[in-house]
Amino acid sequence: VVSLHPERLQVVALTANRNVDLLEEQVRKYRPQFVGLVSVEAAAEMKRRLAGLDIQVAEGPDCMLEAAVHPSSQIVLNAVVGSAGLPPSLAALGAGKRLALANKESMVAGGELVLKALEQGGELIPVDSEHGAIFHCLRGEEAGEVEKIILTASGGPFYGKSRKELSGVTVEQALAHPTWSMGRKITIDSATLMNKGLEVIEAHYLFGVAYERIEVVAHPQSVVHSLVEFKDGSMSAQLSLPDMRLPIALALSYPERWGPPFKKTDLASLGSLDFDEVDPDTFRCLELAYRAGKEGGLATAVLNAANEVAVAAFLEGSIDFLGIERVVEITLDRYEPQTMDSLQAVMRAEEWARSTAEDSLRKVG
């Protein structure tokens, strides 16, 4: 997106976890002022490679906070995986930046904190394809006119499968997403439909809609990215071929729309668009996400942290596919309600959830 609009956009800061090779390639192309790597060893290697260039290289988790409040930036695109993305989101809003949010865990683990930070200044525009679609369907609309938000789900690699068929799926099968190319953790979340559950929680906070008025439907073509139903029965939908550059560009350019289009949507060539109900008995992670959202407080942070532990265990071969939901459910069952009143409270809840989830792995495995 930046390469298409060099007259409009300049990269000020870039951070990564440990991928030195890719980050170096991006740094040499875009020449940011600031570079950060969470891995101390990777940062040391980056300093060696960039010796002689006038670029600051930082290390450790705090590098994300430094990037989020960089004085030369106006927009912060947060695409960190997991709840580690929450502190940079809060920092960016606290610094009055536009937060282009692709880290759904910011809202899942700390939605109330993000909304409080947003009241103090800054701006938040969602980058998830589903929430970006809803955001733009609501442009110019009154909040009181909204009847329902409808999130579309590709269904992942196991769309149409029975629960019995899911019991023995392999990691390789779960990672074979039919539509999107994503990281391993997010791809597994898509296969369990936890990803859609996290998006339900995110939509609740982003758009102020009760969980009872947020619906999920299966849409395997991934062309209709989400819909809004209004009180008069009419619907608005955002359609485009699956390409994450579009919601990224929309978040960076809002309220304008910068062309040219990445991929034109030829309706005639699509032929038909299919929609179907999601089976909550087969994909129970979606039900667990609704449960945590309705419980409120820190339950969603607990859900998210337990899911991170369970997905990692599945990827390592410690539990089977259906074990993911069992670990999350056991952890939620043991959770005692608490309010989400600080970042420290979220971190304590996550630490407890991870410990509890780790303990449950022995029972599930």
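Everything numeric in this text was worked out from a predicted model, so none of it was measured.

**Student:** Tell me about empty space enclosed by the protein, residues and numbers included.
**Tutor:** Going through the model one piece at a time under the given rule, you end up with two cavities of 30 Å³ or more. Computed from the structure, the largest cavity encloses a volume of approximately 60 Å³. If you list the elements that add at least two residues to the lining of the largest cavity, you get helix H6 (129–137) and helix H11 (245–253). Residue classes in the lining of the largest cavity are distributed as six nonpolar, five polar and one charged. If you add up the space inside the second largest cavity, you get close to 50 Å³. As for the second largest cavity, its lining consists of Leu 166, Thr 192, Thr 282, Phe 283, Arg 284, Cys 285, Phe 321, Leu 322 and Glu 325.

**Student:** How would you summarise the pattern of salt bridges if you had to cite specific residues and measurements?
**Tutor:** Overall, the coordinates contain 26 salt bridges when judged by the stated rule. In this structure, Arg 8 and Glu 7 form a salt bridge, with 3.5 Å as the shortest nitrogen-oxygen distance. For Glu 7, a relative accessible area of 58% translates into the label exposed. A salt bridge links Arg 49 to Glu 45, with the shortest nitrogen-to-oxygen separation between them at 2.8 Å. With Arg 49 and Glu 45 both in helix H2 (residues 40–49) and four residues apart, the pair spans about one turn of that helix. Relative accessible area serves as the criterion here: at 23%, Arg 49 is assigned to the partly exposed category. Via salt bridges that share partners, Asp 21, Glu 24, Arg 28, Glu 45, Arg 48 and Arg 49 belong to a single interconnected network.

**Student:** How would you sum up the side chain of Ser 226? Please name residues and give values.
**Tutor:** If you trace the backbone, Ser 226 turns up in strand E9 (residues 224–230). At 3.5 Å, the side chain of Ser 226 and the backbone oxygen of Ile 150 are in polar contact. Once residues lying within four places of it in the same chain are set aside, the contact partners of Ser 226 are Glu 130, Ala 133, Ile 134, Cys 137, Ile 150, Leu 151, Thr 152, Ser 236, Ala 237 and Gln 238.

**Student:** Could you give an account of helix H15 (residues 323–334), naming the residues involved and the relevant values?
**Tutor:** Relative to the 16 Å expected for twelve residues at 1.5 Å per residue, H15 spans 17 Å between its end C-alpha atoms, a close match to the ideal helical length. Among the residues making up H15, those that are buried are Gly 323, Ile 324, Glu 325, Val 327, Val 328, Thr 331 and Leu 332.

**Student:** Go over the packing of helix H9 (residues 184–192) against helix H14 (residues 299–316) with me, naming the residues and quoting the values.
**Tutor:** Between H9 and H14, the shortest axis-to-axis distance is 10 Å and the interhelical angle comes to 100°. With respect to H14, the axis of H9 lies roughly perpendicular. Where H9 approaches H14, its residues Arg 184, Lys 185, Ile 188 and Asp 189 are matched on the opposing element by Asn 304, Asn 307, Glu 308, Val 311, Phe 314 and Leu 315. Residues that form the contact of H9 with H14 fall into these classes: four nonpolar, two polar and four charged.

**Student:** Got a sec to walk through unusual backbone geometry? Specific residues and values, please.
**Tutor:** Of note, the bond from Tyr 254 into Pro 255 is cis; its omega dihedral lies within 30 degrees of zero at 10°. On the secondary structure map, Pro 255 appears in the loop between H11 and helix H12 (267–270). Located in the positive-phi region is Leu 193, a residue other than glycine, with phi close to 70°. Along the polypeptide, Leu 193 turns up in the loop between H9 and helix H10 (194–207).

**Student:** Quick rundown of the sheet that holds strand E2 (residues 34–37)? Include the residues and the values.
**Tutor:** Pairing is parallel in the open sheet, where three strands are placed in the order E1-E2-E3. Two strands lie at the open edges of the sheet, namely strand E1 (13–16) and strand E3 (56–59), each paired on one side alone. Strand-to-strand twist in this sheet, taken as the mean axis angle between neighbours without regard to direction, amounts to 15°. Pairing geometry for E1 and E2, over four bridges, is parallel.

**Student:** Summarise the layout of surface pockets; cite the residues concerned and give the values.
**Tutor:** Of the pockets and cavities examined, the second largest pocket occupies roughly 360 Å³. As for the second largest pocket, its lining consists of 21 residues, and the residues nearest its centre are Ser 240, Leu 246, Leu 250, Arg 257 and Pro 261. Residue assignment for the lining of the second largest pocket shows that the elements contributing at least two residues are H6, strand E10 (235–239) and H11. The residue makeup of the lining of the second largest pocket, split by class, is twelve nonpolar, six polar and three charged.

**Student:** Any chance you could break down the pairing of strand E4 (residues 75–78) for me, citing the residues and the numbers?
**Tutor:** Where burial is concerned, the two faces of E4 differ: the one with Val 76 and Asn 78 is buried and the one with Ile 75 and Leu 77 is not. Inspection of the sheet shows E4 paired to strand E5 (residues 98–101) by four bridges, in the parallel sense. Its bridge partner being in E5, Asn 78 is matched across the sheet by Leu 101. With respect to chirality, the unit in which E4 leads through helix H4 (residues 86–94) into the neighbouring parallel E5 is right-handed.

Reading guide: rules and limits
- Residues numbered from 1 in each chain as written.
- Predicted model: local features only at pLDDT ≥ 70, side-chain atom pairs only at ≥ 80, totals over all residues.
- Heavy atoms only, no water.
- 1 Å grid on protein atoms, 1.4 Å probe; cavity = no way out; pocket = protein on both sides within 12 Å on 5 of 7 lines; lining within 4 Å.
- Points joined across faces, edges and corners; volume = space filled by probe spheres on them.
- Helix = DSSP H or I, 4+ residues; strand = E, 2+ residues; numbered from the N terminus.
- Nonpolar A, V, L, I, M, F, W, Y, C, P; charged D, E, K, R; others polar.
- Salt bridge = Lys/Arg side-chain N within 4 Å of Asp/Glu carboxyl O.
- Buried < 20%, exposed > 50% of the residue type's maximum accessible area, 1.4 Å probe, protein only.
- Polar contact = N/O pair within 3.5 Å; in protein donor to acceptor, adjacent residues only side chain to side chain.
- Contact = heavy atoms within 4.5 Å.
- Expected span 1.5 Å × (residues − 1).
- Axes fitted to C-alpha atoms, helices over the stretch in contact; angles between N-to-C directions.
- Parallel < 35°, antiparallel > 145°, perpendicular 65-115°, else oblique.
- Pairing = 2+ DSSP bridges.
- Right-handed = clockwise from strand over helix to strand, strands pointing away.

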